[in-house]
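Analysis of the macromolecular model
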Amino acid sequence: MRLAGSGLLGENDVLLDYGCGKGRVGFFLSHRVKVRTIGIEYDARIYHIAVRNQKSAVSGADTTFVLTRAEEYAVPPAVNRCYFFNPFSPEILCKVLSRVIQSHYAHPREILLFFYYPSDAYISQLMTMGELVYYGEIDCGDLYAKKDSRERIVIFQLPDYGFGQ
């Protein structure tokens, strides 16, 4: 996974994986770059599979899962990275980002938001949010023979302006 080699994640970071599914991204990143991960999943059946997978994962101790709706989850102050693989509608994305921004205002810190394979609707929504700053992209287009312009990780930032210090 290109994100692991980007230098944007490390052992001092906490990654919130929205729509984590069975936990694969969290397990991989925890093992590869030593980042702590929190996986959010609303489907109880899939959540229980992730928890079961956690017991046998090499990095299971660095990964936790929460069974909840993403738009209802209060983002912990330790979270400074968020990962999205188009887990929900743009309307829910707006509510989720509101929660992330609330956490950012309550506990100022840099937060990077990673959007893998983003839809046009996601990009449109992100570009209209004044708090977010476009940070860059990680091209993943060479991973598959079929060219797809969405095969990338688009990164946005909530900067730490130092107001809380």
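The structure contained in this document is the topic of the report that follows. Since this is a predicted model, take the numbers as computed values, not measurements.

1. What to know about the nonpolar core
Formed by 28 residues in total, the largest nonpolar core has its most connected members in Leu-16, Tyr-18, Cys-82, Phe-84, Leu-97, Leu-113 and Phe-115. The set of elements that each furnish at least two residues to this core consists of strand S1 (14-18), strand S2 (36-41), strand S4 (81-84), helix H3 (90-106), strand S5 (111-116), helix H4 (120-127) and strand S7 (152-158). Here this core takes 5 residues from H3, the largest share from any one element. In this structure, Cys-82 is in contact with Leu-15, Leu-16, Tyr-18, Val-100, Ile-111, Leu-112, Leu-113 and Phe-114, ignoring residues within four places of it in sequence.

2. Considering the environment of Phe-27
In this fold, Phe-27 is placed in helix H1 (residues 24-33). Remark: the alpha-carbon pair of Phe-27 and Leu-9, spanning 18 residues in sequence, is separated by 14 Å. Leaving out residues up to four positions away in the same chain, Phe-27 has contacts with Lys-22, Ala-50, Asn-53, Gln-54, Ala-57, Ser-59, Gly-60, Thr-63 and Phe-65.

3. A closer look at H4
Listed as buried for H4 are Tyr-122, Ile-123 and Leu-126. Each buried residue of H4 lies within a common arc of 95 degrees when the element is viewed along its axis, so the set occupies one face. Check the buried side of H4 and you find it contacts H3, S5 and S7.

4. A look at the sheet that holds S2
Strand order in the open sheet formed by 7 strands is S3-S2-S1-S4-S5-S7-S6, with mixed pairing between adjacent strands. Strand pairing shows two members of the sheet lacking a second neighbour, strand S3 (63-67) and strand S6 (133-139), which therefore form its edges. Shown here is a sheet whose adjacent strand axes are inclined to one another by a mean of 20 degrees, direction ignored. The pairing of S2 with S3 spans 5 bridges and is classified as parallel. Directly across from Ile-40, in S3, lies its bridge partner Val-66. Along the sheet face, H1 touches S1, S2, S3 and S4 and points at about 160 degrees away from the line of S3.

5. Some points on a positive patch on the surface
Residues Lys-22, Arg-24, Arg-45, Arg-52 and Lys-55 make up a contiguous surface patch of positive charge. Secondary-structure assignment places Lys-22 in the loop between S1 and H1.

6. Notes on the packing of aromatic side chains
Two descriptors summarise a pair of aromatic rings, namely the distance from one centre to the other and the angle between the planes of the rings. Here the structure, examined in full by the defined rule, presents 10 aromatic pairs. When the ring of Tyr-18 is compared with that of Phe-84, the centres are 4.9 Å apart and the planes differ by 15 degrees; the resulting orientation is stacked. Separated by 66 residues along the polypeptide, Tyr-18 in strand S1 and Phe-84 in strand S4 bring together distant segments of the chain. When its relative accessible area of 0% is taken as the criterion, Tyr-18 is described as buried. Note on Phe-84: relative accessible area 0%, which makes it buried.

The rules behind these values
- Residues numbered from 1 in each chain as written.
- Predicted model: local features only at pLDDT ≥ 70, side-chain atom pairs only at ≥ 80, totals over all residues.
- Heavy atoms only, no water.
- Core = buried A, V, L, I, M, F, W, Y, C linked by side-chain atoms within 4.5 Å.
- Buried < 20%, exposed > 50% of the residue type's maximum accessible area, 1.4 Å probe, protein only.
- Helix = DSSP H or I, 4+ residues; strand = E, 2+ residues; numbered from the N terminus.
- Contact = heavy atoms within 4.5 Å.
- Arc of directions from axis to C-beta.
- Pairing = 2+ DSSP bridges.
- Axes fitted to C-alpha atoms, helices over the stretch in contact; angles between N-to-C directions.
- Patch = residues over 30% accessible without salt bridge, like charges linked within 9 Å, V, L, I, M, F, W, Y side chains within 5 Å.
- Areas by Shrake-Rupley, 256 points an atom, 1.4 Å probe, with all protein chains shown as cover.
- Salt bridge = Lys/Arg side-chain N within 4 Å of Asp/Glu carboxyl O.
- Lys, Arg positive; Asp, Glu negative; His and termini not counted.
- Charge placed at Lys NZ, Arg CZ, Asp CG, Glu CD.
- Phe/Tyr/Trp six-rings, centres within 6.5 Å; stacked < 30°, edge-to-face > 60°.

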